[in-house]
Amino acid sequence: MLQDSAYAQLLNLIAARGQQWLRNRIELMASGPESLDRLADIAIAAHVCTGLRGAETPLRTFLRSRISDDEFDNLLGRYQNNKLNFANFGDVAFLAASDDCCSSTLASDVQTTAVSPAMTGKPKALLPEQAEAFLRQPIPEDRLDEGMIDTYATVLSLAYRFGAERPRFASARSYGDAFANCLRLADWAQRNGKLLPLVQMIFCLCLIDPDHDVREMLADVISSQRPDGSFPARIGFGTADQEDEALRPTLATVVALHMAIHRCWRTPRPNLRLAA
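Conventions and cut-offs
Residues numbered from 1 in each chain as written. Predicted model: local features only at pLDDT ≥ 70, side-chain atom pairs only at ≥ 80, totals over all residues. Heavy atoms only, no water. Phe/Tyr/Trp six-rings, centres within 6.5 Å; stacked < 30°, edge-to-face > 60°. Helix = DSSP H or I, 4+ residues; strand = E, 2+ residues; numbered from the N terminus. Lys NZ or Arg CZ within 6 Å of the ring centre and 35° of its normal. Buried < 20%, exposed > 50% of the residue type's maximum accessible area, 1.4 Å probe, protein only. Expected span 1.5 Å × (residues − 1). Salt bridge = Lys/Arg side-chain N within 4 Å of Asp/Glu carboxyl O. Contact = heavy atoms within 4.5 Å. Axes fitted to C-alpha atoms, helices over the stretch in contact; angles between N-to-C directions. Parallel < 35°, antiparallel > 145°, perpendicular 65-115°, else oblique. Left-handed = near helix turned anticlockwise from the far one by under 90°. Nonpolar A, V, L, I, M, F, W, Y, C, P; charged D, E, K, R; others polar.

A. Focus on the packing of aromatic side chains. Overall, the coordinates contain two aromatic pairs when judged by the stated rule. When the centroid spacing of 5.8 Å and the interplanar angle of 40° are considered together, the rings of F134 and Y152 count as tilted. You can see F134 sitting in helix α6 (residues 128-136) and its partner Y152 sitting in helix α7 (residues 146-159), a full 18 residues away along the chain. A ring pair is formed by F169 and Y175, whose centres lie 4.9 Å apart and whose planes are at 45°; its orientation type is tilted. Against the face of F72 rests R60, its NZ or CZ located 3.7 Å from the ring centre. A cation over an aromatic ring shows up here: R166 above the ring of Y175, its NZ or CZ 4.1 Å from the ring centre.

Here it is in structure tokens:
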């Protein structure tokens, strides 16, 4: 996607406003274990944004007011070691849905694709061939919902290491099948006014094809930003300030905007393994 400097500057401004809102939420977070999951969400988003930008993002700087560099690394390690599990994808902000939703959806889909006939109950690890089969599988319209889109975005993002590398699928058609699925999911999100699934699909479409034009989708996102810099769960104009309910949509949007601006990973690739 050809992008003029004025448009890139606009996206940077919108992302900066979102990060300022996140700074306020970070400063207002209570001390203690109840804030750990939210700080982990922000840490993962800051890590991805820094990788795409090629330099430390303000979001990473804001986190230093609450956690040390060692604690930041520990949060990334917590994700790397404990969250790459079918049943726990929902703990990451950009990939935000309930654990129950993700686990039940994925268990059903993996069994349907017959990737692992011996698998029963909740799958414990996602292997590359399982990810490819899942990403290629068409998703029926009657099964589309926010949880399904969240799951799909999670698997695709992990397969691409959030943009750090291109997965080596067994079939070249897998890239096209995944891209077609992302277009359908983005269309569903726009038709149903769902902002979080939309920004997830913007991120995923740029992962597969960095030159894909997502400006029409971004127009819905840009027009939804609130005066305080946050983003709501639903697409549309609003003026009310938001509280913690906007944390996940705002984080997801900031990450998607970084992808739309930078289009590729610019620092050493992260060591976030897809399979246990």
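B. Focus on unusual backbone geometry. With phi around 50°, R161 is a residue other than glycine that occupies positive phi space. Following the sequence through the fold, R161 ends up in the loop between α7 and α8 (173-191). The backbone phi angle of R263 is positive, close to 70°, even though this residue is not glycine. On the secondary structure map, R263 appears in the segment after α11 (247-262). Look at R263 and you get buried, because its relative accessible area is 13%.

C. Summary view of α8. Relative to the 27 Å expected for 19 residues at 1.5 Å per residue, α8 spans 27 Å between its end C-alpha atoms, a close match to the ideal helical length. Within α8, the full set of buried residues consists of S174, Y175, A178, F179, N181, C182, L185, A186, W188 and A189. Of the residues one or two after α8, G193 is the one with positive phi, at around 70°.

D. Here's a closer look at the pattern of salt bridges. By the definition in use, this model includes 14 salt bridges. Across the pair R184 and E141 runs a salt bridge, and its minimum N-O distance is 3.6 Å. Of the two residues, R184 is situated in helix α8 and E141 in the loop between α6 and α7; the sequence distance between them amounts to 43 residues. Between D213 and R215 there is a salt bridge, with its nearest N and O atoms 2.8 Å apart.

E. Structural view of helix α2 (residues 36-53). With 18 residues, α2 extends 25 Å from end C-alpha to end C-alpha; this agrees with the ideal 26 Å at 1.5 Å per step. Among the 18 residues that make up α2, 13 are buried, leaving the element largely enclosed by the rest of the structure. In the segment just after α2, G54 is the residue with positive phi, at about 85°.

F. Representation of the environment of H258 in the model. Relative to the assigned elements, H258 resides in helix α11. Counting along the chain gives 207 residues from H258 to G51, while the straight-line C-alpha distance between them is 9.6 Å. Those residues in contact with H258 that sit more than four places away from it in its chain are A15, Q19, C49, L52, R53, T57 and R263.

G. Quick look at the packing of α7 against helix α9 (residues 195-208). Two numbers describe how α7 lies on α9: the axes approach to 10 Å, and their chain directions differ by 30°. On the basis of their axis angle, the class for α7 and α9 is roughly parallel. Judged by the sense of rotation from one axis to the other, the crossing of α7 with α9 is left-handed. Listed contacts from α9 to E146, I149, D150, A153, L156 and S157 of α7 are P197, Q200, M201, F203, C204, L207 and I208. For the contact of α7 with α9, the residue count by class is nine nonpolar, two polar and two charged.

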